[in-house]
Amino acid sequence: MHSTSAEREQALLIAVEVRDGKAQWPAEESLAELRRLAESAGADVVGQQVQHLAEASVSHYVGRGKLREIADLKPELNYTILIADDELTPRQQRTLEHELEVRVIDRTALILDIFARQARTREGKLQVELAQHQYLLPRLVGRWAHLERLGGGIGTRGPGESQLETDRRLIRRHIARLENDLEAVRRHRQVHRSRRRDRGMPLVALVGYTNAGKSALFNTLSQAGVSTEDRLFSTLDPVTRRIQLPGGKAFLMTDTVGFINKLPPSIIAAFRTTLEELDEADVLLHVMDITHPDAARQHAAVESILANIGVGAKPVITALNKVDLLDSGNETLTTLHEKLDTARTDFVAVSAATGWNLSQLLELIESTLQSLEPSRVA
Ligand SMILES: Nc1nc2c(ncn2[C@@H]2O[C@H](COP(=O)(O)OP(=O)(O)OP(=O)(O)O)[C@@H](O)[C@H]2O)c(=O)[nH]1
Ligand SMILES: [Mg+2]
């Protein structure tokens, strides 16, 4: 028997769908993703609640009536944690915890929790720890003492329970130390990068939504043993490998962290170095899971993050991945490309799993690199 089920958090998911006319993800689909995030973090999801509002409540995120409904569900669902699909303000989080007497976390905390599990390198761990502390800082005051002691579950990894009791001054000091340590690691990486530059090899960086198949593609192309998993955020730390082109020349490819809808700015800031890899790249290879029902929205979310971090103008090659899962390949490809509503035409359908059409992808990479700066293809 699975002994952990008694200790696993029982999560109730909540989302507010704001009807402001702006194009966005329907709450149901966003919640389906939140469910995967919660499960990746080790929780069992026992239910979900959506509320349509003109705007989220400043004091408790959902409206009063919904709050009562959620409270009434407690004896039936036995939820031990409430997870909001948006980043809650410290005030919203406090009020919800106070009214419902359960721990309340949000999408950001969940993502940070998963990142903390996945970080392997010193730099990755420092980046996650920094983001966790920055998240924690405004949320320290006024939390319920008994809630602090619950611990052990999701949303509490990383800084740890003892840190929650520490005062803000200590947290600030710790943040400053983390920033210093990160700076040192960054300087080291800078040296590493300029050496790579000296060798003159062009750099192609993989980008894309989490679980799109970036690492799978990376592995098939480079024979690297990067872990690929059917879970969100399986890759965190960047890895770079040399890949041979059909014409005999070579380039470097970097696999790195995936993106997600509502990726909090604090996380983007903490992952600056990782994302600088993208800035260094000559070409971005945008990997999409074209079989995903939200492929078009995922594509838009990735493009918007790329624009936010200042690399939106880089040349992009789009790989429509997982075509092995499609029945009627070509038809779906055409409709999808239309749906993507992009002016870009540099795309190629591939299967990282079976290796289908990867030679065509390499040819496209080769011609793109040549057209950029012929002398750089060493
Ligand atoms: N059927 C099929 N599955 C694939 C293909 N490419 C990747 N997958 C699967 O999709 C899942 C995610 O693949 P990853 O390579 O880990 O995805 P990723 O983009 O690196 O994800 P993150 O590191 O989380 O950002 C894994 O279960 C892969 O086996 C493909 O071409 N066909
Ligand atoms: Mg990966």
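In this report, the structure presented in the accompanying data block is examined. Only a predicted model underlies this, so the values are computations on that prediction, with no experimental measurement involved. (Residues numbered from 1 in each chain as written. Chains lettered and ligands numbered in written order. Predicted model: local features only at pLDDT ≥ 70, side-chain atom pairs only at ≥ 80, totals over all residues. Heavy atoms only, no water.)

**Looking at the pattern of salt bridges**
One pass over the full model with this rule turns up 14 salt bridges. Between Arg 107 and Glu 33 there is a salt bridge, with its nearest N and O atoms 3.1 Å apart. Of the two residues, Arg 107 sits in helix H5 (residues 107-118) while Glu 33 sits in helix H1 (residues 27-40), which places them 74 residues apart along the sequence. Glu 33 matches Arg 107 in its accessibility class, with the two residues each being buried. Within the structure, one salt-bridge network assembled from shared partners comprises Glu 33, Asp 85, Asp 86, Arg 107 and Lys 262. (Salt bridge = Lys/Arg side-chain N within 4 Å of Asp/Glu carboxyl O. Helix = DSSP H or I, 4+ residues; strand = E, 2+ residues; numbered from the N terminus. Buried < 20%, exposed > 50% of the residue type's maximum accessible area, 1.4 Å probe, protein only.)

**Quick word on the site of ligand 1**
Among the 24 residues in the neighbourhood of ligand 1, the closest are listed as Thr 210, Lys 214, Ala 216, Thr 235 and Asp 324. Interatomic distance of 2.7 Å between a side-chain N/O atom of Lys 214 and an oxygen atom of ligand 1. Here an oxygen atom of ligand 1 sits 3.1 Å away from a polar atom, N or O, in the main chain of Ala 353. For the shell around ligand 1, the per-class residue count stands at 8 nonpolar, 10 polar and 6 charged. (Near = heavy atom within 4 Å. Polar contact = N/O pair within 3.5 Å; in protein donor to acceptor, adjacent residues only side chain to side chain. Nonpolar A, V, L, I, M, F, W, Y, C, P; charged D, E, K, R; others polar.)

**Comments concerning the nonpolar core**
Core analysis: the largest hydrophobic core is formed by 54 residues, its most contacted members being Leu 37, Ile 83, Phe 115, Phe 233, Leu 278 and Leu 284. Broken down by element, this core gets its largest block of residues, 6 residues, from H5. Both domain 1 (8-165) and domain 2 (201-376) contribute no fewer than three residues apiece to this core. Apart from residues no more than four positions distant in its own chain, Leu 278 is found in contact with Ala 205, Leu 206, Val 207, Thr 256, Phe 259, Leu 284, Leu 306, Ile 309, Val 311 and Lys 314. Judged by nonpolar contacts, the second largest core, of 26 residues, contains Val 283, Val 348, Leu 362 and Ile 365. (Core = buried A, V, L, I, M, F, W, Y, C linked by side-chain atoms within 4.5 Å. Domains from an automatic or database assignment. Contact = heavy atoms within 4.5 Å.)

**Focus on helix H13 (residues 295-308)**
Taking 1.5 Å of rise per residue, 14 residues should cover 20 Å, and H13 covers 20 Å from first to last C-alpha, within 8% of that figure. The first or second residue beyond H13 is Gly 310, which carries a positive phi of 85°. (Expected span 1.5 Å × (residues − 1).)

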